[in-house]
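# Structural overview
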Amino acid sequence: MNRNNPNDIVAFRKRKKQKSNLINLIIFAIVTICVLLVVLNFRAIVAPLQGIAPRLFNTFTGTTMGEAGFPVKLPGSTGYAFDNFEDGFTIVTDTYVYMYAANGAQYDLWQHGYANPRMSVNDKRILVYDQNGRQFSLYSKNGRVYHNSTDDRIVYAEMGSGDMAAIVYRGTVYTNILEIFDGRGNWKYRHRFVDEHIMRVAFMNNDKDIIVAVIGFYGGDNTAAVYRFDTTTADEEDGVWKSVLPLNALPLAIHADEENVFVLCDTGLFSFEADSGKSKGVFSFVGNIIDHDLNSDFSALLINDFSAGITWLVLLDSSAQIIAQAQVPAGSSQVKISKDGVYVLEPYRIACYDTLLSDYEAFSLDEEFTKFINIGNDILLFGYDMVEKLDSL
């Protein structure tokens, strides 16, 4: 470049300015594209961040994000699931997983994005799955632990006592497929059922074994059976034992502990030895099961005997033999065993019976509630649009 030629300097400056403008244009285009991507994917970007601010707030202040006290106003939703969690409770709606402290203060919420959300809860974990969908997630008090997607549609899922989760799929080649995942979402076990439908599952033996109740259809009748599988073995293990239930029995619920396995069907409660699967006893009934609470010490059944027009509360021992039986008001909807006795949610009141059903205390309610849980010595009642607390009876 000739330093004595002014035209060369002008051309140099023009080229430099054009280069600078091009760089600015490229930067502007990149920023514009990023903004558009954020706008178009805002929900997907924000969903994983739900709950971070509340947890940071809790960490630095030692407090919760919501106001303490009852009643707790329910968030707007077309459906709710309500249960104990940690020292408080959880509510799962069609959009979010809400976590509350025992004092009623909300301390976290997470968006799940499932069309038909269902949950299974233990003391420390919440398993949320999309029924008839292909996704499930595990939550702790600190938020979502993992999220998994599947190839087959989910029929049913169940949490163990720890971090293990059992997922039941509707297969294309197989009737049902059972898979188990650990607390990090890693696959651990699988069993395929060729011609039997899984009705219920329950973990036992520190989540190392699983009890599975199934039904199959042969010659117009359904044949139910109960299996115990060792989940630490290789795939397609034949199982520890199998016990066959009477024809046309429909399994509704399972409870398993170190000594006993209880299987509640629409016709009776069956008790088995946990080690061998040998039958210990059966309690047969007529009518419909309204609610149940199966316990290691004894079981409580709420039965609508429609032929007699009576609602029965029945307590059974570990061999499914009757301890006590009493008539309760029509419209009773829930039974729960606690250290104080047996609670029954009746229309406009809640009653606490002793373990022989010979005495009870009752507390009147101002409105009807659909469910209750125990937190310490308190009872939380789930209503139409709120959660109310009832001090212990």
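As the structure is a prediction and not an experimental result, all values here were calculated from the model.

Scoring rules and cut-offs
- Residues numbered from 1 in each chain as written.
- Predicted model: local features only at pLDDT ≥ 70, side-chain atom pairs only at ≥ 80, totals over all residues.
- Heavy atoms only, no water.
- Helix = DSSP H or I, 4+ residues; strand = E, 2+ residues; numbered from the N terminus.
- Buried < 20%, exposed > 50% of the residue type's maximum accessible area, 1.4 Å probe, protein only.
- Contact = heavy atoms within 4.5 Å.
- Areas by Shrake-Rupley, 256 points an atom, 1.4 Å probe, with all protein chains shown as cover.
- Phe/Tyr/Trp six-rings, centres within 6.5 Å; stacked < 30°, edge-to-face > 60°.
- Pairing = 2+ DSSP bridges.
- Axes fitted to C-alpha atoms, helices over the stretch in contact; angles between N-to-C directions.
- Polar contact = N/O pair within 3.5 Å; in protein donor to acceptor, adjacent residues only side chain to side chain.
- pLDDT = per-residue confidence, 0-100.
- Core = buried A, V, L, I, M, F, W, Y, C linked by side-chain atoms within 4.5 Å.
- Salt bridge = Lys/Arg side-chain N within 4 Å of Asp/Glu carboxyl O.

## Considering the overall build of the chain
The helix and strand inventory of the chain stands at 3 helices and 32 strands. The burial tally for the chain puts 45% of its 393 residues in the buried class. Nonlocal contacts in the chain, meaning residues at least 24 apart in sequence, comprise 39% of its contacts between residues at least 6 apart. Approximately 20300 Å² of the chain is accessible, and the part contributed by carbon and sulfur atoms is 51%.

## A closer look at the packing of aromatic side chains
Within this structure, the stated rule accounts for 16 aromatic pairs. Plain terms: the ring middles of Tyr80 and Phe382 are 5.9 Å apart, the flat faces sit at 70° to each other, and that makes the pair edge-to-face. In this pair, Tyr80 is assigned in the loop between strand S1 (72-73) and strand S2 (81-85) and Phe382 in strand S31 (residues 378-382), connecting sequence segments 302 residues apart. With 5.2 Å between their ring centres and 55° between their planes, Phe136 and Phe181 make a pair best called tilted. Taken together, the positions of Phe136 in strand S8 (residues 135-140) and Phe181 in strand S12 (residues 176-181) put the pair 45 residues apart, joining distant regions of the chain. Each of the two residues, Phe136 as well as Phe181, counts as buried. An aromatic cluster of at least three residues, connected via ring pairs, comprises Tyr80, Phe82, Phe89, Tyr96, Tyr98, Tyr100 and Phe382.

## Quick notes on the sheet that holds strand S11 (residues 165-170)
Reading across from one edge, S10-S11-S12-S13 is the order of the 4 strands in this open sheet, with antiparallel pairing throughout. In the strand order of this sheet, the two ends are held by strand S10 (153-159) and strand S13 (187-193), each with one partner. Between one strand axis and the next, the sheet turns through 20° on average, direction left out of account.

## A short note on the side chain of Asp130
Secondary-structure assignment places Asp130 in strand S7 (residues 126-130). Here the side chain of Asp130 touches Ala115 through a polar contact of 3.4 Å, landing on its backbone nitrogen. Apart from residues no more than four positions distant in its own chain, Asp130 is found in contact with Tyr114, Ala115, Asn116, Pro117, Gln135 and Ile154.

## Here we look at the side chain of Thr175
Among the secondary structure elements, Thr175 is positioned in the loop between S11 and S12. Of note is the side chain of Thr175, whose polar atom sits 2.5 Å from the backbone oxygen of Val194.

## Describing the pairing of strand S28 (residues 349-353)
Judged by how many residues are buried, S28 sits mostly within the fold: 4 of 5 residues are covered. With 5 bridges connecting them, strand S27 (residues 341-346) and S28 associate as antiparallel partners. Note that in S28 the partner of Glu346 across the bridge is Arg349. In textbook terms, the turn of a hairpin is the stretch between consecutive antiparallel strands, and for S27 and S28 this stretch comprises 2 residues, one of which, Tyr348, has a positive phi near 65°. Bridging between S28 and strand S29 (residues 360-364) involves 5 bridges; their strand directions are antiparallel. Among the inter-strand pairings, Ala351 is bridged to a residue of S29, identified as Ala362. Between S28 and S29, which pair antiparallel and follow one another directly, the connecting turn spans 6 residues, one of which, Leu357, has a positive phi of 55°.

## Section: the confidence of the model for the chain
Averaged over all residues, the pLDDT of the chain equals 87, while 84% of them reach at least 70. Per-residue pLDDT stays below 50 along residues 42-51; that stretch engages in 13 contacts with residues further than four places along the chain or on separate chains. Counting contacts from residues 59-63, a segment whose pLDDT is below 50, to residues more than four positions away or on other chains yields 3 contacts.

## Section: the sheet that holds S7
Ordered by their spatial adjacency, 4 strands build an open sheet running S6-S7-S8-S9, and the pairing between neighbours is antiparallel. With partners counted over all chains shown, the strands left at the sheet margins are strand S6 (117-121) and strand S9 (143-149), one partner each. With direction set aside, neighbouring strand axes in the sheet form an average angle of 20°. Of the strand pairs in this sheet, S6 and S7 are connected by 5 bridges, and their pairing is antiparallel.

## As for the nonpolar core
Core analysis: the largest hydrophobic core is formed by 30 residues, its most contacted members being Phe136, Leu178, Val201, Ile210 and Val212. Per-element tally for this core: the top contributor is S11, with 5 residues.

## Looking at the environment of Val121
In this fold, Val121 is placed in strand S6. Residue Val121 is classed as partly exposed on the basis of its relative accessible area of 21%. Taking C-alpha positions, Val121 is 8.6 Å from Gly160, a pair spaced 39 residues apart along the chain. Residues within four places of Val121 in sequence aside, it is in contact with Asp83, Asn84, Phe85, Thr90 and Ile126.

## Regarding the pattern of salt bridges
This structure, assessed with the given rule, holds 6 salt bridges. Note that Lys73 and Asp385 form a salt bridge whose closest N and O atoms lie 3.4 Å from each other. With Lys73 in strand S1 and Asp385 in the loop between S31 and strand S32 (386-390), the pair connects residues that are 312 residues apart, well separated along the chain. For Lys73, a relative accessible area of 60% puts it in the exposed group. The exposure class of Asp385 is partly exposed, given its relative accessible area of 30%.

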